[in-house]
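Coordinate inspection notes
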Amino acid sequence: MKKIYIIITIVALLSIACSKDSLKLQNPNEPGLENLETEEGIQKFALGVYAPMKGGVNYYAWFALTLHNLMGDATTAVALNFGFCYSNQIFSITRPDGSVIKSSLLGGKTQGAVLKQLNIRENGNENAFNNEWMAMYGVLGHCNLALKLLDNNEVVFRDNAEVKKKTYQAWFLWWKAFAYSRIGSLYAKGVITNEYNVLSSNYQSHEAIITEANRIFEQAKAILATIPENDTTYSALIDTFIPSQFKEGNGGIITPQMFIRNINTYMARNILANKYASDLTATDLSQIETLVNNGIQQGDKIFIMRSMTPSSLCFVSETAWTPYRILVGWEYLSERLVQDFKAGDNRYTRNVLRRSSALFNPRDRGYGIGTRYTLKNGGDYASTSAGVVELPFAGTYEENQLMLAEVKIRNNNIDGGLAHIDAVRTYQKAGLTAVTGTGLTKEQALEELRKERRIGLFLKGTSFYDARRWGILKPVAQGGGRTNANVVVAADGTTEACTIDYQYLEWFDVPASETDFNPLP
């Protein structure tokens, strides 16, 4: 981790972080950490928080997020690069006639066993465990350095010093908590540290990492609560922190109260995503409800990403993420994702196309990879042109509504919950008939919720978390898997309703790129 902190700190200092506005800063290549003690230096460093997520090799928006899509069976991949194909290798598929298809790549092992076998430092970013860890600990080290300087009053502000310091602290606390949230929601263990450029072996459970993330989120909320909603010093600074194309669409200047609502939505996700749905307690549901009732509202600005050209200047290049790669053969639209669209859904009409020929067991790497569908170029989800598609870093209005729906349905307020599902469908112009007041049972309402989370939150970073918390990734023998799942079983596009036994790893191991230098206790 020591290596990560040093490298990322230097990169972030020099990075443009894909903002055209950042070119206005003075002395962009002036080296030395002492420059962070100036307003110009710390401002550039705030913008540079995005740099570790690209970092020359990490491509968080591609490598890390694609793995979530694949393991949530929202997309599929045949390429072995970056651990993609290994990550979506289904253990077995049982056809209606009882015959069983097993993965030729797995050699009788589970996906998790193979991923563990590939967890060696020499594999670099070909190791599926490596990429999100590297990116998030890069962000963490970046924030730790900035927060240390701010806490020690080492940054000299020329005017409005109190508001400026609070704004910087809230910004870096948000990203630090974001990094811990990602680590704690994916890895079995992580390192908790407030230092930079210092090797720490303070490994903690993923539950402890999430607790730390939420503690830091609370710190940020407390600071933001003291900043007036219309404070111009705050808004001027936030404007400089966010790259220009990240301020389009749902992106923009996030006011203090909007910022608090963004945090509340993420804190609710941290509870929901890290427990099996069957294990949610009344206390959990109450905590989630309190947070989402004060979470992202329609019209709030959120943290988003968009691509731009030239890619050398940008955290998200025009090609290195799913909205581009899914159109050129790196990812494919999962047959099971398409299966979850309801008849008459305009989101399907706007975005999904039938392929000219079905993709069937490509390169003998898995029947589950096959699909009859692709996405439209220039639609809501995919484009080969930079700047067209928007994806969120964190929570969205739709996710907040669907968490509120889940709480109400699980608390037996069926129509109350369904109203939030209808609200999401209206917001996304789905054109579907309302389900509120149709007499659905609790089980039927939860199925509406499952489908809507699949479609309404497609590419919004929740598919893997959902598959895990609903128990789908567990062996079929333990109640996991998916029944009546469409699988392409012939080159002519014939599909059958099969039983899929995924047996995917639910929590990643710490990557060898960390443990080789920082052994687990």
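Anything mentioned here points back to the structure above.
Heads up: these notes are all about the structure in this document.

Analysis parameters
Residues numbered from 1 in each chain as written. Predicted model: local features only at pLDDT ≥ 70, side-chain atom pairs only at ≥ 80, totals over all residues. Heavy atoms only, no water. Helix = DSSP H or I, 4+ residues; strand = E, 2+ residues; numbered from the N terminus. Contact = heavy atoms within 4.5 Å. 1 Å grid on protein atoms, 1.4 Å probe; cavity = no way out; pocket = protein on both sides within 12 Å on 5 of 7 lines; lining within 4 Å. Points joined across faces, edges and corners; volume = space filled by probe spheres on them. Nonpolar A, V, L, I, M, F, W, Y, C, P; charged D, E, K, R; others polar. Core = buried A, V, L, I, M, F, W, Y, C linked by side-chain atoms within 4.5 Å. Buried < 20%, exposed > 50% of the residue type's maximum accessible area, 1.4 Å probe, protein only. Pairing = 2+ DSSP bridges. Salt bridge = Lys/Arg side-chain N within 4 Å of Asp/Glu carboxyl O. Axes fitted to C-alpha atoms, helices over the stretch in contact; angles between N-to-C directions. Parallel < 35°, antiparallel > 145°, perpendicular 65-115°, else oblique. Left-handed = near helix turned anticlockwise from the far one by under 90°. Phe/Tyr/Trp six-rings, centres within 6.5 Å; stacked < 30°, edge-to-face > 60°. Lys NZ or Arg CZ within 6 Å of the ring centre and 35° of its normal.

What to know about the environment of Met-403
Tracing the backbone shows Met-403 in helix α15 (residues 397-410). Beyond its immediate chain neighbours, meaning those up to four positions away, Met-403 contacts Thr-265, Ala-268, Arg-269, Leu-272, Ile-288, Val-292 and Arg-453.

With respect to the layout of surface pockets
As a volume, the largest pocket reaches approximately 560 Å³. Broken down by secondary-structure element, the contributors of at least two residues to the lining of the largest pocket are α14 (346-351), β10 (391-392) and α15. Its residues assigned to classes, the lining of the largest pocket comprises twelve nonpolar, seven polar and nine charged.

Focus: the nonpolar core
Counting 139 residues, the largest nonpolar core has Met-53, Trp-171, Phe-172 and Trp-175 as the members making the most contacts within it. Contact partners of Trp-171, with chain neighbours within four places excluded, come to Ala-46, Val-49, Tyr-50, Ile-238, Phe-241, Ile-242, Phe-259 and Phe-303. One finds Ile-409, Ile-414, Leu-449 and Leu-457 within the second-largest nonpolar core, a separate group that totals eleven residues.

A few points about the environment of Arg-215
Here Arg-215 is to be found in helix α8 (residues 206-224). The partly exposed category is assigned to Arg-215, whose relative accessible area is 38%. On a C-alpha basis, the gap between Arg-215 and Met-267 in space is 9.7 Å, while along the polypeptide they are 52 residues apart.

So, the side chain of Asn-400
With respect to the helices and strands, the residue Asn-400 is situated in helix α15. Asn-400 has contacts with Thr-265, Val-292, Gly-295 and Ile-296, leaving out every residue within four places of it along the chain.

Side note on unusual backbone geometry
Here the phi dihedral of Phe-82 falls at roughly 60°; this positive angle occurs in a residue that is not glycine. Structurally, Phe-82 can be placed in the loop between β1 (75-76) and α4 (84-87). You will see that Asn-361, though not glycine, has its phi angle at about 40°, which is positive. Mapped onto the secondary structure, Asn-361 falls in the loop between β8 (352-359) and β9 (371-375). With a relative accessible area of 13%, Asn-361 lands in the buried category.

Description of the pairing of strand β11 (residues 482-488)
With five of seven residues buried, β11 is to be regarded as a mostly interior element. Bridging between β11 and strand β12 (residues 495-501) involves five bridges; their strand directions are antiparallel. In the strand pairing of β12, Val-487 is matched with Glu-496. Counting the residues in the hairpin turn of β11 and β12 gives six residues, including Gly-493, whose phi is positive at 95°.

So, the pattern of salt bridges
Inspection of the entire model under this criterion finds 35 salt bridges. Between Asp-509 and Lys-116 there is a salt bridge, and its shortest N-O distance comes to 2.8 Å. Residue Asp-509 is located in the loop between β12 and α19 (512-515), and its partner Lys-116 is located in helix α5 (residues 111-117); the two are separated by 393 residues in the primary sequence. Classification of Asp-509 by relative accessible area gives partly exposed; the value is 24%. Between Glu-335 and Arg-372 there is a salt bridge, with the nearest N and O atoms lying 2.4 Å from each other. Pair noted here: Glu-335 is in helix α13 (residues 335-339) and Arg-372 is in strand β9, with a separation of 37 residues, a long-range link. For the residue pair Glu-335 and Arg-372, the accessibility class agrees, reading buried in each case. Three or more residues joined by partner-sharing salt bridges are found here, namely Lys-342, Asp-345, Arg-347, Arg-425, Glu-448 and Glu-452.

Let's talk about empty space enclosed by the protein
Throughout the structure, instances matching the rule amount to eight cavities of 30 Å³ or more. By volume, the largest cavity amounts to about 160 Å³. Forming the boundary of the largest cavity are 17 residues, of which Leu-65, Pro-392, Leu-459, Lys-460 and Gly-461 lie nearest the centre. When residues of the lining of the largest cavity are traced back to their parent elements, those giving at least two are α3 (60-71), α12 (322-325) and β10. Ranked by residues supplied to the lining of the largest cavity, first place goes to α3 with five residues. Empty space within the second largest cavity amounts to approximately 120 Å³. Taken together, 13 residues form the lining of the second largest cavity, with Gly-72, Asp-73, Arg-454, Ala-467 and Ile-472 sitting closest to its centre. The set of elements that each furnish at least two residues to the lining of the second largest cavity consists of α17 (442-456) and α18 (463-469). For the lining of the second largest cavity, the element with the highest residue contribution is α18, accounting for three residues. The residue inventory of the lining of the second largest cavity, partitioned by class, reads six nonpolar, two polar and five charged.

Here we look at the packing of helix α2 (residues 39-47) against helix α7 (residues 161-184)
It is at 11 Å that the axes of α2 and α7 come closest, and there the two elements cross at 25°. Considered as vectors, α2 and α7 are oriented roughly parallel to each other. Regarding α2 and α7, the two cross each other, and that crossing is left-handed. Where α2 abuts α7, its residues Glu-39, Ile-42, Gln-43, Phe-45 and Ala-46 lie against Lys-164, Tyr-168, Trp-171 and Phe-172. Within the contact of α2 with α7, the residues separate by chemical class into six nonpolar, one polar and two charged.

Examining the packing of aromatic side chains
Scanning all chains against the criterion turns up 46 aromatic pairs. Between Phe-45 and Phe-172, the ring centres sit 6.3 Å apart and the planes meet at 45°, which makes this aromatic pair tilted. In this pair, Phe-45 is assigned in helix α2 and Phe-172 in helix α7, connecting sequence segments 127 residues apart. Residues Phe-45 and Phe-172 agree in their burial class; the two are buried. Between Trp-175 and Phe-393, the ring centres sit 5.3 Å apart and the planes meet at 85°, which makes this aromatic pair edge-to-face. In this pair, Trp-175 is assigned in helix α7 and Phe-393 in the loop between β10 and α15, connecting sequence segments 218 residues apart. Using a relative accessible area of 3% as the deciding quantity, one classes Phe-393 as buried. Of note, Arg-269 hangs over the ring of Tyr-266, and the distance from its end group to the ring centre comes to 4.8 Å.

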